Amino acid sequence: MGVVQICKGEYFWLEPKNAFENFQEPDIGLIALAFLQGSFAYGGWNFLNYVTEELVDPYKNLPRAIFISIPLVTFVYVFANVAYVTAMSPQELLASNAVAVTFGEKLLGVMAWIMPISVALSTFGGVNGSLFTSSRLFFAGAREGHLPSVLAMIHVKRCTPIPALLFTCISTLLMLVTSDMYTLINYVGFINYLFYGVTIAGQIVLRWKKPDIPRPIKINLLFPIIYLLFWAFLLIFSLWSEPVVCGTGLAIMLTGVPVYFLGVYWQHKPKCFNNFIESLTLVSQKMCVVVYPEMEAGSGTEEVHEDTEEQRQPIYQPTAAKDKDSEQPQP
């Protein structure tokens, strides 16, 4: 539809003199927020890293998937926006709650219903990918002993991390407390990019301090350095432009600090607390029909955290059953 519009001469807002015309005062903070919100559309590039254990030949297919998907998504997203401005002015774009739907109403006439259905399908596709990957993040955290051990369990038949999926659902519902979608995107975008920057900075530090550790996927340090410079610009000016929103996002992130000290750092917990967690874990196991995954021999996962190793032991075994086993005659 965008190509048809251009062929009909509808490209007023694509001409350089109009495309770069300021219709509001330039502000460096708003530019940073524009990058923060616009980059939300490209946010899937890092999610595949969460499911490397489920990829076939991840050291080859992970970089390949990123190299293919990023140019493809960039092409589709940029040219979709080019199509939008052939039918809508920048002011109309900002005023619309659903740009694609407004675009369809302007050009498709009686077939405008196609656009909301397409947007809904796209949304479900994005949610499916987020659920598939984000739940694995909680799953891996629990396996390392940083979250309740029940989140590291999988279904006995389907091998899906059902507790981690339910935890993802609950945390997602909590995010819907705010009704402003742009505020939510700023919350999530600011927190995400804060963690992305810290993670990439950690990669640079490890490359310097531990240069000889195995690195199946290795890139030139120039790329993470460029990313960090962009990251610093994005976060500093976003915080300067929207201090309340970004500060609230930072406060939400810092609520994990006391949880870490209470749940992970504090080793000698009261017996009543441990009994409660054990009972809760057992009930969750029965409700979700989940167990700890069996670790394959030689998979490179033998070196695990001591707490995690203890968590993988049987959670509950009746005393009577233990005594009965001990009374069995030895062959």
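The rules behind these values
Residues numbered from 1 in each chain as written. Predicted model: local features only at pLDDT ≥ 70, side-chain atom pairs only at ≥ 80, totals over all residues. Heavy atoms only, no water. UniProt positions renumbered as here; feature names shortened; annotations may be inferred. Helix = DSSP H or I, 4+ residues; strand = E, 2+ residues; numbered from the N terminus. Expected span 1.5 Å × (residues − 1). Buried < 20%, exposed > 50% of the residue type's maximum accessible area, 1.4 Å probe, protein only. Contact = heavy atoms within 4.5 Å. Core = buried A, V, L, I, M, F, W, Y, C linked by side-chain atoms within 4.5 Å. Axes fitted to C-alpha atoms, helices over the stretch in contact; angles between N-to-C directions. Parallel < 35°, antiparallel > 145°, perpendicular 65-115°, else oblique. Nonpolar A, V, L, I, M, F, W, Y, C, P; charged D, E, K, R; others polar. Patch = residues over 30% accessible without salt bridge, like charges linked within 9 Å, V, L, I, M, F, W, Y side chains within 5 Å. Areas by Shrake-Rupley, 256 points an atom, 1.4 Å probe, with all protein chains shown as cover. Salt bridge = Lys/Arg side-chain N within 4 Å of Asp/Glu carboxyl O.

- In the nomenclature of an unreviewed UniProt entry, the protein corresponds to Large neutral amino acids transporter small subunit 2 isoform X2 from the organism Ursus maritimus.
- Annotation of the protein in UniProt includes, under Subcellular location (unreviewed entry), the sentence "Membrane".

## What about helix α7 (residues 114-143)?
Link 1 in the chain: With 30 residues, α7 should reach 44 Å at 1.5 Å per residue; the first-to-last C-alpha distance of 44 Å fits that figure.
Link 2 in the chain: When we look at burial in α7, the residues that qualify are M115, T133, S134, S135, R136, F138, F139, G141, A142 and R143.
Link 3 in the chain: Phi for G145, located one or two positions after α7, is positive at around 85°.

## Some details on the side chain of Q5
Link 1 in the chain: Counting through the fold element by element, Q5 comes out in helix α1 (residues 2-7).
Link 2 in the chain: The class of Q5 is buried, set by a relative accessible area of 7%.
Link 3 in the chain: Here Q5 is in contact with E10, T86, A87 and L107, once residues within four sequence places are set aside.

## Some points on the nonpolar core
Link 1 in the chain: Within the largest apolar cluster, 13 residues are counted, with the highest numbers of intra-cluster contacts made by L36, Y193, Y227, W231 and L235.
Link 2 in the chain: Of all the secondary structure elements, the ones that give two or more residues to this core are α3 (28-38), α9 (181-209) and α10 (222-241).
Link 3 in the chain: With sequence-adjacent residues up to four places away left out, L36 is seen in contact with N186, G189, F190, Y193, L234 and S238.

## Section: the UniProt feature "transmembrane region" (unreviewed entry) in the protein
Link 1 in the chain: In the numbering adopted here, UniProt assigns the feature "transmembrane region" (unreviewed entry) to residues 28-45, 66-87, 107-127, 159-178, 184-208, 220-241 and 247-266.
Link 2 in the chain: When the span residues 184-208 is considered, its composition is 100% helix and 0% strand, and the gap between its end C-alpha atoms is 36 Å.
Link 3 in the chain: Taken end to end, residues 247-266 is 90% helix and 0% strand, and its first and last C-alpha atoms sit 28 Å apart.

## Things to note about the packing of α10 against helix α11 (residues 243-254)
Link 1 in the chain: At a minimum axis separation of 5 Å, α10 and α11 run at an interaxial angle of 120°. The pairing of α10 with α11 is recorded here as oblique in orientation. Counting all contacts with α10, which are made through S238, L239, W240 and S241, the residues of α11 involved are P243, C246 and G247.
Link 2 in the chain: When its residues are assigned to classes, the contact of α10 with α11 shows four nonpolar, three polar and no charged.

## Describing a nonpolar patch on the surface
Link 1 in the chain: Side chains of V110, M111, W113, I114, I117 and L121 sit close together on the surface and give an oily, nonpolar patch of about 620 Å² of accessible area.
Link 2 in the chain: By the secondary structure assignment, W113 is in the loop between α6 (99-107) and α7.
Link 3 in the chain: Residue W113 is classed as partly exposed on the basis of its relative accessible area of 48%.

## Some details on the environment of D27
Link 1 in the chain: Locating D27 in the fold gives a position in the loop between α2 (16-19) and α3.
Link 2 in the chain: Since its relative accessible area comes to 30%, D27 is described here as partly exposed.
Link 3 in the chain: When the C-alpha atoms of D27 and F237 are compared, they prove to be 9.9 Å apart, with 210 residues separating the residues in sequence.

## Looking at unusual backbone geometry
Link 1 in the chain: The backbone of D57 shows a phi angle near 50°, a positive value even though the residue is not glycine.
Link 2 in the chain: Here D57 lies in the loop between α3 and α4 (58-84).
Link 3 in the chain: Within the chain, V289 stands out as a residue other than glycine whose phi angle is a positive 55°.
Link 4 in the chain: Here V289 is to be found in the loop between α13 (271-288) and β2 (290-291).

## Overview of the packing of α7 against helix α8 (residues 162-175)
When two helices pack together, their arrangement is given by the angle between the helix axes and by the axis-to-axis distance.
Link 1 in the chain: Two numbers describe how α7 lies on α8: the axes approach to 8 Å, and their chain directions differ by 110°. Classed by the angle they form, the pair α7 and α8 counts as roughly perpendicular. Contact residues: L131, S134, S135, F138 and F139 in α7; A164, L165, F167, T168 and S171 in α8.
Link 2 in the chain: Of the residues belonging to the contact of α7 with α8, the class tally is six nonpolar, four polar and no charged.

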